[in-house]
Amino acid sequence: MQKIIKYTLFSAMIATLGLQGCKDSYFDKLSDNPNQVANPTLNALLATSTYKAGLNNYNVASIILPYVQYTANPAANGAGDTYQAIDFSGTWDALYFAMADANEMKKLAIAQNSSEYKGVADVIIAYNLIMVNDLWGDAPFSEAFNINNLVPKYDNQQDVYASSMALIDEAIVELAKTNSAVKLAAASDLIYGTTAATERANWLKFAYALKARLLNKVSKTASYNPAAVLDAVSKSIANNNEDARMQTFRERNFWATVALNNSQQSLGGWLSEQLIDALNGTSYPGPIDPRLPKITDLTVDGKWIGTVNGAGNRPPGANTLKNENYISQNSPWSGNTSPIFLVTYAELKFIEAEAAFDTDRTRSYNAYLAGISANMDKFQVEAVDKAAYLARPTVSIGAAALTKDLIFKEKYIATYLNPEAWNDARRFDYKYKDFTLPVNNALPTFIRRLDYTQGERSKNGANVPVDVPRTTRLWWDQ
């Protein structure tokens, strides 16, 4: 970890010279050796930490998209599609590099009596730690940033969850303060820096949004407290303009690069039959969902058709003919300048709908409709098409007829390209309509966790837990 802290700090930002919209003097603060920053400033740490939050959202989403069948490999027997063992050392390292950067920001914030920077650091550490916890379970944290210990112990997965919650609670306390000695520098904040007047308040809402996620994630356990979830939701993101999103890139949105590579005959970016059929009138009979044309483009023969996970593209495509749908650069989610969404208002409304379901069906139903409406707006669906969709008898069914299946169905669409989708799929036991195991599946049932990385085995082998089958559920997924 000392190498992470001293030498790899800012590696992602250094690799992105010329970032769109980055007006901070961050690069002027670098030493003559751009690979080593001896005394990073709060502004520099804020820039790199907020950038890496968006990058790691993409890194983790890239892992889980085939598991939730948003995407599918164009070649048969794709490793991700069929739940094979894959080494994700790069993503593991990226998550810990990001936490190390944010931890340095937290230490400097404490030294400079900045409650705002300290609160933001807590949010960013928690955001990355939660993703580690969701992918692997047990993980280093309590000893992870001790510069004198290069082989930190692995904390129990429940303890990692508790540490994440403690960070969020600490962030809420710090971000509620209005007397910070050093205020956030909007030009260095790549998540909320465009709204300087409400920057601290938006970070506070982001913290509450993560708390709502964490509290809702344990819905299958005895500790689930819907009232606490609803309380966190009520203090979190309140409209689409407050979404936590990162929109600063060297050239283009990460998903737009996937789409561009696909257009140049590179593998990747093909959309799963499961996602397409959920939107094209197959799984849910009726007109196509108006969000479908906002996600992908029609095939060369004018169809909406996805790739079967594990089976690969249908002939005669052979990965080159666009006779199946793929991630589009024309989408508000994956265009060149599209944001990377960390948490959205729509997601929070679906969390509210789920948490209120058993005690206040009217509130649950209204939140369900509001979530659909917010997601439609985010996809830039025309008002007339949104109104028509909301008026469908299969959507506008009334509070008494609402089911959790419908809430999860709509949330599945709203969390397109977001790492949180795998947590929902596991909590929902993969019960989305027509959701089936991939062809040529390497496991007897759906995947529930990742294997520990080869990088960790080589560097910290004595502490790495013995791998359990990838079908073994995490503690909150029993």
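Being a predicted model, the structure only gives us computed values, none of them experimental.

A. Focus on helix H3 (residues 42-64). Over its 23 residues, H3 runs 33 Å from end to end, which matches the ideal 33 Å to within 8%, given 1.5 Å per residue. Along H3, 20 of the 23 residues are buried, which leaves the element largely enclosed by surrounding structure.

B. Examining the pattern of salt bridges more closely. Here the structure, examined in full by the defined rule, presents 36 salt bridges. The partner of Arg291 in a salt bridge is Asp289, and the shortest N-O contact between them spans 2.8 Å. The same class applies to Arg291 and to Asp289, which are both buried. Put simply, Lys220, Asp429, Arg448, Arg473 and Asp477 are held in one network by salt bridges that share partners.

C. Inspection of the packing of helix H5 (residues 115-136) against helix H6 (residues 157-176) at higher detail. The N-to-C vectors of H5 and H6 enclose an angle of 160°; their axes lie 8 Å apart at closest approach. Taken together, the axis directions place H5 and H6 in an arrangement best described as roughly antiparallel. As H5 packs across H6, the resulting crossing turns out to be left-handed. Counting all contacts with H5, which are made through Ser115, Glu116, Lys118, Gly119, Val120, Asp122, Val123, Ile125, Ala126, Leu129, Ile130 and Asn133, the residues of H6 involved are Gln157, Val160, Tyr161, Ser163, Ser164, Leu167, Ile168, Glu170, Ala171, Glu174 and Leu175. Classifying every residue of the contact of H5 with H6 by side-chain character gives 12 nonpolar, 6 polar and 5 charged.

D. Examining the confidence of the model for the protein chain more closely. On average, residues of the protein chain carry a pLDDT of 91, and 91% of them reach 70 or more. Scored below 50 in pLDDT, residues 1-34 shows 78 contacts in the model against residues more than four places distant or in partner chains.

E. Molecular detail of the packing of aromatic side chains. According to the stated counting rule, one finds 30 aromatic pairs in the structure shown. Grouped by ring-pair contacts, the aromatic residues Tyr70, Phe408, Tyr412, Tyr416, Phe428, Tyr430, Tyr432, Phe435 and Phe446 constitute a single cluster. Stacked on the ring of Trp422, the Lys or Arg Arg426 has its end atom at 3.7 Å from the ring centre. Seen from the ring of Tyr284, Lys433 lies directly overhead, with NZ or CZ sitting 5.2 Å from the centre.

Here is what the cut-offs are and how they apply
- Counting restarts for each chain, with residues numbered from 1 along the sequence as it is written.
- The predicted origin of the model limits local features to residues at a pLDDT of at least 70 and limits the giving and counting of side-chain atom pairs to 80 or more, whereas totals for whole chains, interfaces and linings rest on all residues.
- As a rule here, side-chain values come from all non-hydrogen atoms in the structure, and water together with hydrogens is ignored.
- Helical segments are the DSSP runs of H or I of at least four residues, strand segments are the runs of E of at least two, and each set is numbered from the N terminus.
- In a helix, the anticipated span is given by 1.5 Å times the number of residues less one.
- Any residue under 20% of the maximum accessible area for its type is buried, any over 50% is exposed, and the rest in between are partly exposed; the area is computed with a 1.4 Å probe on protein chains only.
- Take a side-chain nitrogen of Lys or Arg and a carboxyl oxygen of Asp or Glu: if they are within 4 Å of each other, that pair is a salt bridge.
- To get an axis, a line is fitted to the C-alpha atoms, and for a helix only the part in contact is used. The angle between two axes follows their N-to-C directions and goes from 0 to 180 degrees.
- Angles are sorted into four bins: roughly parallel if under 35 degrees, roughly antiparallel if over 145, roughly perpendicular if 65 to 115, and oblique for all others.
- Less than a right angle of anticlockwise turn of the near helix away from the far helix marks a crossing as left-handed, whereas a clockwise turn marks it as right-handed.
- By the convention used here, residues are in contact when the closest approach between their heavy atoms is within 4.5 Å.
- Amino acids outside the nonpolar list (Ala, Val, Leu, Ile, Met, Phe, Trp, Tyr, Cys, Pro) and the charged list (Asp, Glu, Lys, Arg) are all regarded as polar, and Gly is one of them.
- Here pLDDT means the predictor's own confidence in every residue, given as a number from 0 to 100.
- Stacked, tilted and edge-to-face are the three classes applied to pairs of Phe, Tyr and Trp rings, where Trp contributes its six-membered ring and a pair requires centres within 6.5 Å; stacked means planes under 30 degrees apart, edge-to-face means over 60, and tilted covers the rest.
- Placement of a positive charge over a ring is assigned whenever Lys NZ or Arg CZ falls within 6 Å of the ring centre and within 35 degrees of the normal to the ring plane.

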